[in-house]
Amino acid sequence: MWDNSAWIYFYNNSVDGEPPFMVQDFIHAVQPDAKFIALLRNPVERLYSDYLYFESTNKSAEDFHEKVIDSLQQFDSCLQHYSLRACVYDTALHMSMPVRLQLGTYVIFLKDWLTVFGREQLLILRLEDHASNLKHTMHLVFEFLHLGPLTRQQEDLMTKNPAHNTRRLKDRNLGPMLPGTKEILKQFYWPFNQKLAELLSDVSFLWL
């Protein structure tokens, strides 16, 4: 949903730094009736998990805090000269920021997808709901894809499979992010979450 970083290499004559065409435009050209499933996580927790997964050395809650502050400053600097959408899709900015802050601005990406595909073609789920009630979310997926009812045998197979991309032990030992970092990120993502919840008519996407 968010990965459009290559657009700048093909369209140098963009309007005010915003991409004129994106991945969904090309998908729609060949598969206009395609369906998509997006699994969204609380953007605050997603960013910390992303840091722990991709950072290779000297990881710590303190280091994460410093990288968050640096990224926020760079993002704010971009907004002084360009639109929000331009900064979200700014490839150079993304490569410069030490954490992938923009990935959690879900509503920006979703609105762009909805300019190409109908709302009925996208199923938007929360990772937290999927983790707490796998059977329920998979029933939603099967219904969305018109695969027929989910059988008891299929349910059992799904619940027996181990979770993938779980946090490594050495990363779990680092503990949670600092409370101050969490509060800063909550404030940053709050307006995006509000707009997302409004767009989807679902307050659970506020991640309160």
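Summary of the structure given here. Along each chain, residue indices are assigned from 1 in the same order as the chain's sequence is written. The model is predicted, so local features are restricted to residues of pLDDT at least 70 and side-chain atom pairs to those at 80 or more, both for listing and for counting; the totals for chains, interfaces and linings are taken over all residues. With hydrogens and water excluded, all non-hydrogen atoms of the structure serve as input to the side-chain values.

**Remarks on the environment of Ser204**
Examined against the element boundaries, Ser204 turns out to sit in the segment after α11 (179–200). In this structure, the C-alpha to C-alpha distance between Ser204 and Asp129, residues 75 residues apart in sequence, is 9.7 Å. Only DSSP runs of H or I covering at least 4 residues are called helices, and only runs of E covering at least 2 are called strands; the numbering of each starts at the N terminus.

**A closer look at the side chain of Asn42**
Within the secondary structure, Asn42 is located in the loop between β1 (36–40) and α2 (43–54). Categorising residues by exposure relies on relative accessible area from a 1.4 Å probe, with only protein chains included: less than 20% of the type maximum marks a residue as buried, more than 50% marks it as exposed, and the intermediate range marks it as partly exposed. For Asn42, a relative accessible area of 16% gives the class buried. Think of a polar contact as two N or O atoms within 3.5 Å of one another; within protein, one of them needs to be a possible hydrogen donor and the other a possible acceptor, and neighboring residues in sequence only count if both atoms come from side chains. At 2.9 Å, the side chain of Asn42 forms a polar contact with the backbone nitrogen of Val44.

**Here we look at the environment of Gly104**
Note on placement: Gly104 falls in the loop between α5 (91–96) and α6 (106–114). Expressed as a C-alpha distance, the spacing of Gly104 and Leu47, which sit 57 residues apart in the sequence, is 7.4 Å. With residues up to four places along the chain from it excluded, the contact list for Gly104 reads Pro43, Arg46 and Tyr189. Here, residues are in contact when the closest pair of their heavy atoms is within 4.5 Å.

**A look at the environment of Gln154**
Tracing the sequence through the fold places Gln154 in helix α9 (residues 152–160). Using a relative accessible area of 29% as the deciding quantity, one classes Gln154 as partly exposed. Sequence-wise, Gln154 and Lys135 are 19 residues apart; in three dimensions their C-alpha atoms are separated by 9.5 Å. Here Gln154 is in contact with Phe142 and Pro149, once residues within four sequence places are set aside.

**Overview of the state of the cysteines**
Criterion for a disulfide: a pair of cysteine sulfur atoms at a distance within 2.5 Å. Throughout the structure, instances matching the rule amount to one disulfide. Between the sulfur atoms of Cys78 and its disulfide partner Cys87 the distance amounts to 2.1 Å. Across the S-S bond of Cys78 and Cys87 the torsion is about -100°, and the bridge reads as left-handed. With a relative accessible area of 9%, Cys78 lands in the buried category.

**Some details on the pattern of salt bridges**
Just to be clear on terms, a salt bridge is a Lys or Arg side-chain nitrogen sitting within 4 Å of an Asp or Glu carboxyl oxygen. Summed over all chains, the structure comprises nine salt bridges. The partner of Glu18 in a salt bridge is Arg85, and the shortest N-O contact between them spans 2.9 Å. Of the two residues, Glu18 sits in the segment before α1 (23–30) while Arg85 sits in helix α4 (residues 84–88), which places them 67 residues apart along the sequence. Glu18 sits in the partly exposed class, given a relative accessible area of 23%. For Asp63, the salt bridge goes to Lys67, with nearest N and O atoms at 2.9 Å. With Asp63 and Lys67 both in helix α3 (residues 61–79) and four residues apart, the pair spans about one turn of that helix. Both residues of the pair, Asp63 and Lys67, count as buried.

**Topic: the packing of α6 against α11**
Contact geometry for α6 and α11: axes closest at 8 Å, N-to-C directions at 35°. Contacts between α6 and α11 involve Tyr106, Val107, Ile108, Leu110, Lys111 and Leu114 on the former and, on the latter, Phe192, Lys195, Leu196, Leu199 and Leu200. Axis geometry follows a simple rule: fit a line to the C-alpha atoms, using only the stretch in contact for helices, then measure angles between N-to-C directions, giving values from 0 to 180 degrees.

**What about the packing of α2 against α3?**
Two elements in contact, α2 and α3, have axes whose closest approach is 11 Å; the angle formed by their N-to-C orientations is 115°. Our classification of the angle between α2 and α3 gives roughly perpendicular. Along this stretch, α2 crosses α3, giving a crossing that reads as right-handed. Judged by residue contacts, Leu47, Tyr48 and Tyr51 of α2 engage Ala61, Asp63, Phe64, Lys67 and Val68 from α3. As a working rule, the residues Ala, Val, Leu, Ile, Met, Phe, Trp, Tyr, Cys and Pro are called nonpolar, Asp, Glu, Lys and Arg charged, and the rest polar, with Gly in that last group. Split by residue class, the contact of α2 with α3 holds six nonpolar, no polar and two charged. Orientation is classified from the angle alone, with under 35 degrees giving roughly parallel, over 145 giving roughly antiparallel, 65 to 115 giving roughly perpendicular, and any other angle giving oblique. Crossing chirality is assigned from the near helix's rotation relative to the far helix, an anticlockwise turn below a right angle marking it left-handed and a clockwise turn marking it right-handed.

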